[in-house]
Structures are given as C-alpha cells and as structure tokens.
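One-letter residues, chain by chain:
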Amino acid sequence: MRLTLNIWRQANADVQGAMHRYELDGVSEDMSFLEMLDVLNEQLNAKGEEPIAFDSDCREGICGMCGLMINGMAHGPEVTTTCQLHMRSFNDGDEITIEPWRAEAFPVVKDLCVDRGALDRMIQSGGYISANTGSAPEANSVPAARDKAMRAFNVATCIGCGACVAACPNGSASLFVGAKITHLGELPQGQPERDSRVVGMVAQHDHEGFGGCTNIGECTAACPKEIPMDVISQLNKDLRTALKNGH
Amino acid sequence: MASSDKDLSGLHPTNEPSVQKSDDAHGYYVPGDKIVDPVAPTGPIKDRWTQRKFDNRLVNPANRRKLSVIIVGTGLAGGAAAATLGEAGYQVKSFCYQDSPRRAHSIAAQGGINAAKNYKEDGDSIGRLFYDTVKGGDYRSRESNVYRLAEVSANIIDQCVAQGVPFARDYAGLLDNRSFGGVQVSRTFYARGQTGQQLLIGAYQAMERQVAAGTVEQFTRHEMLELIVADGKARGIVARDLVTGEIETHLADAVVLASGGYGNVFFLSTNAMGSNVTATWRAHRKGAYMANPCYTQIHPTCIPVSGDHQSKLTLMSESLRNDGRIWVPKKKEDCDKDPREIPEEDRDYYLERIYPSFGNLVPRDIASRQAKNMCDEGRGVGPKVGDFRRGVYLDFSDAIARLGEDGIREKYDNLFDMYERITGENPYEVPMRIYPAVHYVMGGLWVDYHLQSNIPGLFVAGEANFSDHGANRLGASALMQGLADGYFVLPNTIRDYLADAPFDKLDESHPAVAEARADVEGRVQKLVSINGTRSADSYHKELGNIMWEYCGMERTEEGLRKAIDMIRELKADFWSNLKVLGTADSLNQSLEKAGRVADFIELGELMCIDALNRRESCGGHFRAESQTEDGEALRHDDEFAYVAAWEWGGENGQPVLHKEDLIYTAIEMKQRSYK
C-alpha cells in the first residue's frame, strides 16, 4: 500500500519542531507500524536525509519503550502498543499523522522521542516495598488471598509507556500512580508503607507537572494493558485514608 | 592466568581431562595455556558455597561508603546487584541505554522461574535441580557454580515475594507451581505469561528505592563504549550520553557487566532491538576472555519471518507444544495450499514419526533442527522469504476437538491473540505457522567462581557471563540465574575483592583513562565520517544472514570456513562504505547502531572460529560431522569436555585459545537420548 505520513521532526528539546510530509510506497500489511518507519528511515538514509528518531526496544509489547501518537490516538487505533500495531489496520492511500507523546511532564528529546524520567522519579518517591536483600521470610509464611493477588497482578502489568498521560487532556498520570498503589496495596507485604507510599507518589506526581484527574477516562481507553479506571478510585481512597491517618 | 595450588583432597573426579585430537580450526587461532578457576571451591559440593561466603572477607559499613561500583545493565542481574550493593551502602553507578531501567529485556521472559522449594512434595530438592541443570546443559557447565545456583534458588522466591512480586497463587493464598520442559517435577513459579516483567519490576523498584536513598546513581540513555583498565585492574568505563552525544569518563573501584546476551549477532532474534555485545566485546578487547561464544539457543516455537522488512522475532511459549501437533505436507506441491484442504494421509507429523516416544515434546534443539531440515527439503509452509518457505504447522485441531475451543482458549488465550495480531490469521481456524529463532546465548565472558573475569575488578553477571547453562539452557532457568547472580552471588563475592581497598587513586589524567577516552572519541568520529553508501542496518542484516546460514542450527567445517571469509570481507566493507547521517553530538540512533554492528561483526568471526574448533555436537551446538547413524547429536567428552576461553589476539591477529577442563566430581557424564 501507499501512504502519506505527516511526522513531527524536532532536532532537540531547545528548538521548535514542525510536521514534515513523507510519501511511502510498497508498505506490506504484515509490517508492524515500527517496521514501516524502519523502511522509511532506510529510504531517508539512502537519500541523504537524517532518519527519524523514535524509541522502541523489545518490539513485543512488554518493555514500554515505544509510544507514538498516531492520528491523535496514543498507540494508534488498536488496544495495543505501537510496536504490536500492524499495517493491516490501515488502508492504501491513508494519510497518517505521527507525533510524540504530548505532555508537560514529558519534554521532547528529539523527533518522536520524549523524556519519561518523571515516571522513574514517581517510583523513587514510594513505589516500592522496602525489603533489603536477605531480609525476606519464607515465601509461603504469609499467604495472600487469591482474589487480591490476582487484582495486584492485573494492575502490575502496567508497562510504564506513558500512553495514559499522553491521552489525558489534563496530562495526568493518575492511572500510572493508581496502578502502582493498587498493585502494592493489595498484597500483605505492601501494608506497612501503604500510607507513606500514596502520599509520596502523589506529591511527586504534582511536582513533576502532571495534571489532575477529572474522570475523563481517555487513559484507560488508551492503555495497551487495559488497566481499569478503578485504580484511580483506589488511589483517591488510599490518599484519603493516609491523610486521615495524619500523613 | 596462574594456576592455583588448590586442595583436591576429598574430591573424586568422575572423568579425566579431555585430550583434543581433531584441530579443525588450525590456522585460525593460536593455542594458549590451559587455565583453571583460581578460586574454585573444594570440599563436599553441598558445603562449598556456605564455606566460601564465610571465607570471603568483609568490608565494614563505614568503609563501604567510600567504595564505588559501576554496574552496566539494569536487567535482572544488573538491577538486582545495584539494589543489593546500594542497600549494603556502596556507592553504585548504574548504566542503561534505554530511557528507564525498567525496559531491560529480562522483562520479556514469559514462562517462569525455577526454584527448589519442593512445595509440591514431588521429590524436588537442591540436588535434583542441580542434576537437571547440568544434564540439560549437556555436561558443559561448571558443577560448583550450578550447585550454588540451585542452592540460592529458594532464597530468590522469598526475596521476590517480600518485594511484592504477584506470583500465581492457589485458593489458599499459597504460591502455585507449574512444570516446564526437560524435568519431571513441578518447580516453576510464574506470574501468568509475564514472569520476567514482574521479577524485573521487583528488582527495578528495589533499585529505585536506592536511588531515592542516594546510594545508587542512575544513568539512563547512556551506553558503555569502553572499559578502563588501569595498572591491571578494571577501574571504570567510558560512556556516551545518547541524548547529548557527550563522551563521559566514569571511574570506580570495580566494574560489573550485566549487559545481557548477544543473540542479535543474528540480526533477527527474540532479543530487544537494542540488545548488543558492545559492553562485553569492549571488555574482551581489553583482555577479558570470551568463553564458548558459539553456544546459542535456538527456540523452536517463534512466529515465522513475514518478509524482508522483519525487524525482530516473537516467541510463542513452548507450552504450546503440549497440545499442538507439528507437521509439514508430504508433497512439496501442497506447500502453498490451504492446510485445511490437505488430507490426513498427505501430512507428515515428522517429530512423531522420528521420535515416537517424545513426539512433539522433544527438547528445543532437536525440534528446531528438524524444522530446518523439513524446510531445507522444500516442504516448508507460509510465504517465501528468499528462495525458501520458512515455517511448519503447529496444529490445534485435534486439541480443539478434544477440549473444545473454550478449553484451548482458557489455556492459551493470550498467545493465540498475540499470534493473530502479528500474522492476521486466526489460529483457532487455521493451523499456526512456527519457525525456530535465536533466543539466548549460553556463551559469554569467562568468569571464575566469584563471577570475576580474568581482569581483576571486572565482574560479569547474568546472560553476559558463561558459566551456569553449559551448552544448553533449560526453560525457566535464565531468570533464576540473573537474580541469583544479582541478589545473592555477586554481593557475596565482590566484597572479597573490595576488601583490598583502598585502591590506588585514579583520575582522568591517568594515561589508561585518557587513552580509553581518546579511543572512543576517535571511533565515534570515524563512524560518522566514513560517508559511504550503506546503512548500519544493511550490514547487520547481511551479517545475520551469514551467521544464521553457517553458524545457526547446524554447522559444518566447510560452511564455517566460508562464513569466516565472508565476515572478514564484510568487516572491510563496513569500515570503508558505511553511511551514518547526523552528528555525533546529538541523539543519533544510526550512530548507536553502527557501533553495535561493528562489534557484532568481530564477535561473529570469533563465534565461527569457536564452532569450527568444537568438532562435536553438544546442546545448542550441532556439528554435522558429529552425529550418530540416525542423525542425533554426538558429544565427544574425550576431546571437548572443556570451556573454550578465547583471548583477543589483536586487531589483525588470531585469537588465543585457553582451555579450562570440566571435571565432574558429583555427577556422572551421560549421553542424551529422546527416541
């Protein structure tokens, strides 16, 4: 198939970027979206034009490194990561707009690459259970109720791609924070730090410049791992409890 | 390396050192001195690690704050080591090329992690896990290391649960297990099909906690491009900030490489796009031995290549072989037909035919090789890539008839969805197509029992080292080894080295530091200024084709010689005709790729030389010249029961082969059979 691509180019964080138009022919429907960009980049290289920078690593939907706004949708039209989106979701003659994640807290590094260091810093602010190596008790000494463990797992599948932030009109990372709060809060091992965790992560969230949640729901619709909105309710509930407890 | 005067009393070797009679690689290498592990433990195997932890010297907490360690890589081994050394109070600097430590490719592991917990009371034990792993490795691993791995496996599960890793649980809330290939007990802990992700997130969070505590400093989007060896010791790295292009020098008291495997030398593999050999190859060029580089694991159940645009391959869990039947058409002319229209009598269920007792469940290496054989005969299926169709059917129609579509959906739903997303075909209706793909490398930098390379102060952990899996790795063992090294082994061995502190003062004016930095700057400038006509990717693809064809599932003397010539030509062309656009002082992904491909090319040549020298078939290494009458792998313990540790021979020199004999005292060597 033949495509027209409108792609954001920006040399670095300090300069203004702009959309550029490219024509690409001979795209196979079996290509992944990123393989389509690989083909474009090979052609640009051959023509003497610098290839387009974009992030990807595992290309099997689990590392969370890739992420593009495709026609205004985070990761494109399917519920999956950009690397698992295939060209059979598009038609011959389509015009496709490709942009980086847009959010106050995710500055553009170059072209389609952004800096998501804010997500790491939120984890540093409490998104863990303190258990020094060697200090752990026998694993089966603390049973964990199966339904709670399953809920913990379901939200722990978050890949930290940032699609929720990019999709949110407020640029909020509430789904990301809620997923971590819920993952660790559903397990018995996560209880001692439950209050300090939510307070610490929310404070960092606001400090980074992420917006507040107004229950729009774009985050969960864009999430490639289908993290449900109820983690944000959980986040609010845990925060309320922590504040009541004097944090 | 000097031989040690270790005490062998109390050990009764079950085998003699091997004596190599064949010399296929004559003219390609220089024979070197034999080596031994200078810190190999002695005494009864079950006491060795406990005794060693006691014997290793301590560093008191006040002194730890003055000592620094660089860790390259943030996967299970590197992330766990950074967290643990940070908790102990050392100053840790952690490097990764991705934008966050959580992206490391350990995250993609699906199946599970082995541990000798014996929660099922089904006869499992440390000894059993040890035995299975040595046998699975086809008797080419070091027994003391493997025993230690089995021993600490149970601690790993405790540690991960304490961190909040959401393993699968039963209705009583206790941990669940499943069984995995090659063993008869149920010892695999899992988190649905995302075990690697959950374990890595656990290690990542532990590491981020130390970042907050100030013991770990994290350098993302940084790539190590050189090892600094000053006065005989590893003392730092030269890294490039991938965003600004700045070349940076980082000094420390010790360096840990936990940079993963080099499967991407084949271009197409199940590795991440950025997975590379540069960190370990740079260390190799600085003197670190590369051990058994030819040992590659090729996984039989991956989604086949769909065209020349293919950038990577995706694994489908091995568990599918429990219910799927593998076949190809008997007649070549049926290969482009709809498989549902090919009658039963025209199908060749070749694994069931050749291996009646194991059938579709033969080990990975055998299933892979037979799939290649069928396709080489012209009976492959799916789209043609080049001259051949590269795929075989994995057919669930019998299982669907037996269990119903819902029964299959319950077991394999996410895998079937993933298959459909990638291929556009519904595997409930049409048989899946699968083909083998490079998945893991057992080879890596040579290390002693302390995970220290032959360069003092340089430690190597996880897939980047060579020691625990021999010539073949069992399923659910990679996660176990990465975390064992990072959480429990390395922190207990590196302290014995660091106890020698204080080390000599070192600053950027030291000639070794200045030289390493100048080398990197020169090399980066060279890569951007060749100004030829071909992209780094095009060289990478060509190298991958050579490696896959001649150093892949089946290797021959003739093919390997040809491959070495081709790689040498490719290398010359690369350095004269490469085209890298953009500048060196900004984010430049073409430049990053070019540097990695340059190192892959040199590694590829060494892999072929190693494969050429090893005229036997063992584990993932199959030499056509060494097979039984009915085409099965034939090991030669009398000649090759050794680790091949290669020393860099200089820019235009030949590599030097050092052999380390593999002497077994706790286990007897046997030949595998699956008929």
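Calculation notes
- Residues numbered from 1 in each chain as written.
- Chains lettered and ligands numbered in written order.
- Predicted model: local features only at pLDDT ≥ 70, side-chain atom pairs only at ≥ 80, totals over all residues.
- Heavy atoms only, no water.
- Pairing = 2+ DSSP bridges.
- Helix = DSSP H or I, 4+ residues; strand = E, 2+ residues; numbered from the N terminus.
- pLDDT = per-residue confidence, 0-100.
- Contact = heavy atoms within 4.5 Å.
- Expected span 1.5 Å × (residues − 1).
- Buried < 20%, exposed > 50% of the residue type's maximum accessible area, 1.4 Å probe, protein only.
- Axes fitted to C-alpha atoms, helices over the stretch in contact; angles between N-to-C directions.
- Domains from an automatic or database assignment.
- Buried area = accessible area lost by both parts, 1.4 Å probe.
- Salt bridge = Lys/Arg side-chain N within 4 Å of Asp/Glu carboxyl O.
- Polar contact = N/O pair within 3.5 Å; in protein donor to acceptor, adjacent residues only side chain to side chain.
- Patch = residues over 30% accessible without salt bridge, like charges linked within 9 Å, V, L, I, M, F, W, Y side chains within 5 Å.
- Areas by Shrake-Rupley, 256 points an atom, 1.4 Å probe, with all protein chains shown as cover.
- Lys, Arg positive; Asp, Glu negative; His and termini not counted.
- Charge placed at Lys NZ, Arg CZ, Asp CG, Glu CD.
- Nonpolar A, V, L, I, M, F, W, Y, C, P; charged D, E, K, R; others polar.
- Core = buried A, V, L, I, M, F, W, Y, C linked by side-chain atoms within 4.5 Å.
- Parallel < 35°, antiparallel > 145°, perpendicular 65-115°, else oblique.
- Left-handed = near helix turned anticlockwise from the far one by under 90°.
- Phe/Tyr/Trp six-rings, centres within 6.5 Å; stacked < 30°, edge-to-face > 60°.
- Lys NZ or Arg CZ within 6 Å of the ring centre and 35° of its normal.

(A) Local environment of the sheet that holds strand β21 (residues 642-647) of chain B. All names here are of chain B. Strands sit in the order β1-β22-β21-β11-β19 across an open sheet of 5 strands; the sheet is mixed. Among the strands making up the open sheet, the edge pair consists of β1 (30-31) and β19 (444-445). Inspection of the sheet shows β1 paired to strand β22 (residues 656-661) by 2 bridges, in the parallel sense. Across the sheet, the residue bridging to Val30 is Val656, located in β22.

(B) Region of interest: the confidence of the model for chain B. Looking at chain B as a whole, its pLDDT mean stands at 94, while 98% of the residues score no less than 70. The model gives residues 1-10 of chain B a pLDDT under 50, and that stretch makes 12 contacts with residues more than four places away or in other chains.

(C) Expanded view of helix α5 (residues 174-185) of chain A. All names here are of chain A. Compared with the 16 Å implied by 1.5 Å per residue over 12 residues, the 15 Å span of α5 between its first and last C-alpha is a close match. With respect to burial, α5 is a largely interior element, 12 of its 12 residues being buried. When α5 is considered as a whole, its buried residues turn out to be Ser174, Leu175, Phe176, Val177, Gly178, Ala179, Lys180, Ile181, Thr182, His183, Leu184 and Gly185.

(D) Representation of the side chain of B:Asp496 in the model. Residue placement: B:Asp496 occurs in helix α11 (residues 478-498). Beyond its immediate chain neighbours, meaning those up to four positions away, B:Asp496 contacts B:Asn56, B:Arg57 and B:His450.

(E) Spotlight on unusual backbone geometry. The step from B:Ala501 to B:Pro502 runs through a cis peptide bond, and the omega angle for that step is 0°. Mapping B:Pro502 onto the fold places it in the loop between α11 and α12 (511-529). Residues other than glycine seldom take positive phi values, yet A:Asp111 does so here, at roughly 45°. The residue A:Asp111 is located in the loop between β6 (108-110) and β7 (113-114) in this model. The exposure class assigned to A:Asp111 is buried, which follows from its relative accessible area of 2%.

(F) Inspection of the sheet that holds strand β8 (residues 233-241) of chain B at higher detail. Residue and element names in this part refer to chain B. Taking strand neighbours across the sheet as the criterion, the 3 strands line up as β7-β8-β9 in an open arrangement whose pairing is antiparallel. Whereas interior strands pair on both sides, the edge strands pair on one side only; in this sheet they are β7 (222-230) and β9 (247-251). Across this sheet, the average inter-strand angle for adjacent strands is 25°, counted without regard to direction. Both β7 and β8 contribute to a ladder of 8 bridges, which runs antiparallel. Its bridge partner being in β8, Met224 is matched across the sheet by Ala239. Helix-sheet contacts for α12 involve β7, β8 and β9, and the interaxial angle to β7 is about 145°.

(G) Broad picture of the domain arrangement of chain B. Residue and element names in this part refer to chain B. Looking at chain B, the domain boundaries give domain 1 (30-262 + 289-297 + 441-498), domain 2 (299-439) and domain 3 (511-641). Computed over C-alpha atoms, the centres of domain 1 and domain 2 are 34 Å apart. Taken together, the 7 residues of domain 1 in the interface contact 12 residues of domain 2. For the pair domain 1 and domain 2, the summed buried surface comes to about 720 Å²; carbon and sulfur atoms form 45% of the total. Counting the contacts that link domain 1 with domain 2 gives 0 salt bridges. One can count 3 residue pairs in polar contact (both at pLDDT 80 or more) joining domain 1 with domain 2.

(H) Focus on the interface of chain B and chain A. Listed by partner, the interface residues are 75 residues for chain B and 76 residues for chain A. Of the roughly 6,100 Å² buried between chain B and chain A, counting both surfaces, carbon and sulfur atoms make up 49%. Looking at the side of chain B facing chain A, the largest losses of area belong to B:Arg103, B:His309 and B:Arg421, adding up to 12% of the total buried there. Connecting chain B to chain A are 4 salt bridges.

(I) Focus on a negative patch on the surface. On the surface, a cluster of negative charge is contributed by B:Asp413, B:Asp417, B:Glu420 and B:Glu429. Residue placement: B:Asp417 occurs in helix α10 (residues 397-423).

(J) Just the domain arrangement of chain A, in detail. Residue and element names in this part refer to chain A. When its domains are assigned, chain A resolves into domain 1 (3-110) and domain 2 (116-244). Domain 1 and domain 2 are separated by 29 Å when their C-alpha centres are compared. Between domain 1 and domain 2, the contact holds 19 residues from the first and 19 residues from the second. Summed over both sides, the interface between domain 1 and domain 2 buries roughly 1,400 Å², with carbon and sulfur atoms accounting for 65% of that surface. Ranking the residues of domain 1 by area buried against domain 2 places Val79, Ala105 and Phe106 at the top, with a combined share of 35%. The interface formed by domain 1 and domain 2 contains 0 salt bridges. Our count for the contact surface shared by domain 1 and domain 2 stands at 4 residue pairs in polar contact (both at pLDDT 80 or more). Split into classes, the residues belonging to the side of domain 1 that touches domain 2 amount to 11 nonpolar, 5 polar and 3 charged.

(K) The arrangement of the pattern of salt bridges in detail. Residues and elements named next belong to chain B. Applying the stated criterion across every chain yields a total of 73 salt bridges over all chains. Close ionic contact of Arg282 with Asp599 constitutes a salt bridge, the shortest N to O distance being 2.6 Å. Of the two residues, Arg282 sits in helix α7 (residues 278-285) while Asp599 sits in helix α15 (residues 589-613), which places them 317 residues apart along the sequence. Asp599 shares its class with Arg282; the two are buried. Here Arg390 makes a salt bridge to Asp376, at a shortest N to O gap of 3.1 Å. Residue Arg390 is found in the loop between β16 (388-389) and β17 (392-395), and its partner Asp376 is found in helix α9 (residues 364-376); the two are separated by 14 residues along the sequence.

(L) Broad picture of the environment of B:Ile126. All names here are of chain B. With respect to the secondary-structure elements, Ile126 resides in helix α4 (residues 126-136). Each C-alpha atom of the pair Ile126 and Lys46 lies 9.0 Å from the other, and the pair is 80 residues apart in sequence. Not counting chain neighbours up to four residues away, the residues in contact with Ile126 comprise Ala116, Tyr147, Ala150 and Glu151.

(M) View of the nonpolar core. Counting residues in hydrophobic clusters, the biggest one holds 238 residues, and the most contacted among them are B:Ile113, B:Phe167, B:Leu257 and B:Leu498. With 13 residues, α15(B) is the single largest residue contributor to this core. Ignoring any residue separated from it by four or fewer positions in sequence, one finds B:Ile113 in contact with B:Ile156, B:Ile157, B:Phe167, B:Arg187, B:Thr188, B:Phe189, B:Thr195, B:Leu199, B:Ala476, B:Leu479, B:Met480 and B:Leu483. Of all hydrophobic cores here, the second largest spans 26 residues; its members include A:Leu24, A:Met36, A:Phe54 and A:Met87.

(N) Layout of the packing of helix α14 (residues 557-577) of chain B against α15(B). Residue and element names in this part refer to chain B. The N-to-C vectors of α14 and α15 enclose an angle of 160°; their axes lie 9 Å apart at closest approach. Relative to α15, the element α14 is oriented roughly antiparallel. The handedness of the crossing between α14 and α15 comes out as left-handed. Of α15, the residues touching α14 (which contributes Glu557, Leu560, Arg561, Ala563, Ile564, Ile567, Arg568, Leu570, Lys571, Phe574 and Trp575) are Ala594, Val597, Ala598, Ile601, Glu602, Gly604, Glu605, Cys608, Ile609, Ala611 and Leu612. Taken together, the residues that form the contact of α14 with α15 break down as 15 nonpolar, 1 polar and 6 charged.

(O) Representation of the packing of aromatic side chains within the structure. Applying the stated criterion across every chain, the model contains 24 aromatic pairs over all chains. Plain terms: the ring middles of B:Tyr412 and B:Phe416 are 6.2 Å apart, the flat faces sit at 15° to each other, and that makes the pair stacked. With B:Tyr412 and B:Phe416 both in helix α10 and 4 residues apart, this pair spans about one turn of that helix. An identical accessibility class is assigned to B:Tyr412 and B:Phe416; each is buried. Seen in terms of ring centroids, B:Phe640 and B:Tyr642 are 5.9 Å apart; in terms of plane orientation they differ by 40°. Their pairing is tilted. We classify B:Tyr642 as buried; its relative accessible area is 1%. Clustering of aromatic rings is evident, with ring pairs tying together B:Phe396, B:Tyr412, B:Phe416 and B:Tyr428. Above the face of the B:Tyr171 ring, A:Arg146 is positioned so that its terminal group lies 4.2 Å from the ring centre. The side chain of B:Arg614 reaches across the aromatic face of B:Tyr642, ending 5.1 Å from its centre.

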